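Summary of structural features
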Amino acid sequence: MSTDNRPIGVFDSGLGGLTVVCELQKQLPGENIIYFGDTARVPYGTKSAKTVQKYAIEASYLLTTHNIKAIVIACNTASAHALKIVQSKFSIPVFGVIEPGVAAALAQSKNKNVLIIGTSGTIKSEAYQNRLSEVSESEVTIWSQACPLFVPLVEEGMLEGEIATQIIRFYLQRFQKTQVDTVILGCTHYPLLKNSIAAIWPGVTLIDSGIATANAVKNSDSFEKSENRNKTGHTRYILSDFAENFLKIGQTFLGNEMHHLEVLDFEHFVVSHQSEMSKLY
Ligand code: DGL
């Protein structure tokens, strides 16, 4: 069987997408991965759709200069605003996190009462909500809640304890009185709060879009032909800024060591590729 050594390109607004990388490494251990974290321009979750679309095109373009075979948009906000645009501009397979997360939620929810949580941008875009109503075969009751304090909480490493518990309760407690049986963790950072959410809300099913996305990549038709079955894959990390604490935070997201890390002057990259990129905007 043929094998394709070209890396998978993955991007996120910062370090959060490493939760998706972690799952790709587990489910596709032979793959080489090139990760771009836009640490200079994070957060995407509070920015307009137009700005996030521009950023997503620039990040995708950067990845394609590394001879990649597919793009994974690990960022939920970028998937919500820019998946279709990126798919239409680049000729390789492009995966987002929303479709896999929705499919997993519908498969696991018993009563089809699903709560979506994410950044303000993701929730306002209604991308998860639209996808859920589009693909559900039966009536689905959709609830949604932006949880803007979850990202800084995770980045401060406060994954459990009193403050984490209070903040989780602040956003989610009211849904415990509803019929919701499944929650989509619609942000790269939220899987790291899984244990704390489960402790407060026992019995609810938590959908980790990272796991669902890695699974979708692995099982996609386009990927079947190009899977790297050779040996142990390598992951290379490119960041647009050297964020303080980034190794510590990055390794928490990843659950393993980060090797091959570099910082790129992305502003300079964008300016020097303006003529190619202007055709993509
Ligand atoms: N990566 C973003 C997401 O998944 C969260 C962080 C941000 O706001 O940029 O939506």
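Starting from 1, residues in each chain are numbered consecutively following that chain's sequence as written. In keeping with the predicted nature of the model, local features appear solely for residues at pLDDT of at least 70, side-chain atom pairs appear and are counted solely at 80 or more, and the whole-chain, interface and lining totals rest on all residues. For the side-chain quantities, the full set of heavy atoms in the structure was used; hydrogens and water were omitted.

Right, let's talk about the site of the ligand for a bit. Taken together, 13 residues form the shell around the ligand, and within it Asp 12, Ser 13, Tyr 44, Gly 45 and Thr 77 come nearest. Each polar contact in these results corresponds to two N or O atoms within 3.5 Å; when the atoms are within protein, one needs to be able to donate a hydrogen and the other to accept it, and residues that are neighboring in sequence are counted only if both atoms are side-chain atoms. Here Tyr 44 contributes a backbone N or O atom positioned 2.7 Å from an oxygen atom of the ligand. Contact distances for the ligand include 3.0 Å between an oxygen atom and a backbone N or O atom of Asn 76. Within the complex, 98% of the 300 Å² of free accessible area of the ligand lies under protein. One heavy atom within 4 Å of a molecule or strand is enough for the residue carrying it to be called near that molecule or strand. Note on areas: these come from Shrake-Rupley sampling with a 1.4 Å probe, and a residue is covered only by the protein chains present in the view.

The subject of this paragraph is the pairing of strand S5 (residues 113–118). Whether a residue is buried, partly exposed or exposed follows from its accessible area with a 1.4 Å probe, protein chains only, as a fraction of its type maximum: under 20%, in between, or over 50%, in that order. Helix numbering and strand numbering both begin at the N terminus, where a helix is a DSSP run of H or I of at least 4 residues and a strand a DSSP run of E of at least 2. Counting buried positions along S5 gives 6 out of 6 residues, so the element sits mostly inside the fold. Because side chains alternate across S5, one face comprises the buried residues Asn 113, Leu 115 and Ile 117, and the other comprises Val 114, Ile 116 and Gly 118, equally buried. Strands pair, by our definition, only if DSSP identifies at least two bridges between them. In this structure, S5 lies alongside strand S6 (residues 141–146), joined through 6 bridges in parallel fashion. Note that in S6 the partner of Leu 115 across the bridge is Trp 143. Pairing analysis gives 5 bridges linking S5 to strand S7 (residues 182–186), with the strands arranged parallel. Within S7, the position partnered with Ile 116 by the bridge is Ile 184.

This brings us to the packing of aromatic side chains. Between rings of Phe, Tyr and Trp, where Trp is taken as its six-membered ring, a pair exists when centres lie within 6.5 Å; planes separated by under 30 degrees are stacked, by over 60 edge-to-face, and by other angles tilted. Under the criterion given, the structure shown has 9 aromatic pairs. Arranged with centres 5.3 Å apart and planes meeting at 80°, the rings of Phe 150 and Tyr 171 form a pair that is edge-to-face. With a gap of 21 residues between them, Phe 150 in helix H7 (residues 150–155) and Tyr 171 in helix H8 (residues 162–172) connect regions that are remote in the sequence. Residues Phe 150 and Tyr 171 agree in their burial class; the two are buried. One aromatic cluster in this structure is built from Phe 36, Tyr 61, Phe 266 and Phe 269. Only Lys NZ and Arg CZ are tested; either one counts as a charge over a ring when it is within 6 Å of the ring centre and within 35 degrees of the ring normal. If you follow Arg 41 out to its NZ or CZ, it ends over the ring of Tyr 55, 3.7 Å from the centre.

In this section: the state of the cysteines. In what follows, a disulfide is any cysteine sulfur pair within 2.5 Å. A full pass over the atoms with the stated rule returns 0 disulfides. This cysteine, Cys 75, is not joined by any disulfide, and Cys 187 carries the nearest cysteine sulfur, 7.4 Å off.

One can find Thr 122 in helix H5 (residues 120–125). Of note is the side chain of Thr 122, whose polar atom sits 3.2 Å from the side chain of Thr 77. If near-sequence neighbours (up to four positions away) are discounted, Thr 122 is found in contact with Asn 76, Thr 77, Ala 80, Ala 127, Tyr 128 and Gly 186. Should any heavy atoms of two residues lie within 4.5 Å, those residues are considered in contact.

Let us look at the pattern of salt bridges. Opposite charge on two side chains allows them to pair when their charged atoms are near. By convention in these notes, a salt bridge is any Lys or Arg side-chain nitrogen within 4 Å of a carboxyl oxygen on Asp or Glu. For the coordinates displayed, the defined rule picks out 10 salt bridges. Residue Arg 41 pairs with Asp 38 through a salt bridge whose shortest N-O separation is 2.8 Å. A residue is classified by how much of its surface remains accessible, and Asp 38, at 0% relative accessible area, is buried. Note that Arg 131 is salt-bridged to Glu 99, the shortest N-O span being 3.9 Å. Here Arg 131, found in helix H6 (residues 127–135), pairs with Glu 99, found in helix H4 (residues 98–108); they are 32 residues apart in sequence, far enough to count as distant.

Omega for the peptide link from Val 42 to Pro 43 comes to 5°, which places this bond in the cis form. One can find Pro 43 in the loop between strand S2 (33–37) and helix H2 (49–64). For Glu 126, which is not glycine, the phi torsion reads 60° and is therefore positive. One non-glycine residue, His 260, adopts positive backbone phi at about 50°. By the element assignment, His 260 lies in the loop between helix H12 (246–254) and strand S10 (261–263).

Bringing the sheet that holds strand S9 (residues 235–239) into the picture now. If you trace the 6 strands from one edge of the open sheet to the other, you get S4-S3-S1-S2-S9-S10, paired in parallel fashion. Each edge of the open sheet is held by one strand with a lone partner, namely strand S4 (94–95) and S10. In terms of strand pairing, strand S1 (residues 8–12) meets S2 through 5 bridges, oriented parallel. Each residue of the ladder has a partner; that of Ile 8, found in S2, is Ile 33. Against the sheet, helix H3 (residues 76–89) touches S1, strand S3 (70–73) and S4, its axis set at about 160° to S3. Axes here refer to lines fitted to C-alpha atoms; in helices the fit is confined to the stretch in contact. Angles between the N-to-C directions go from 0 to 180 degrees.

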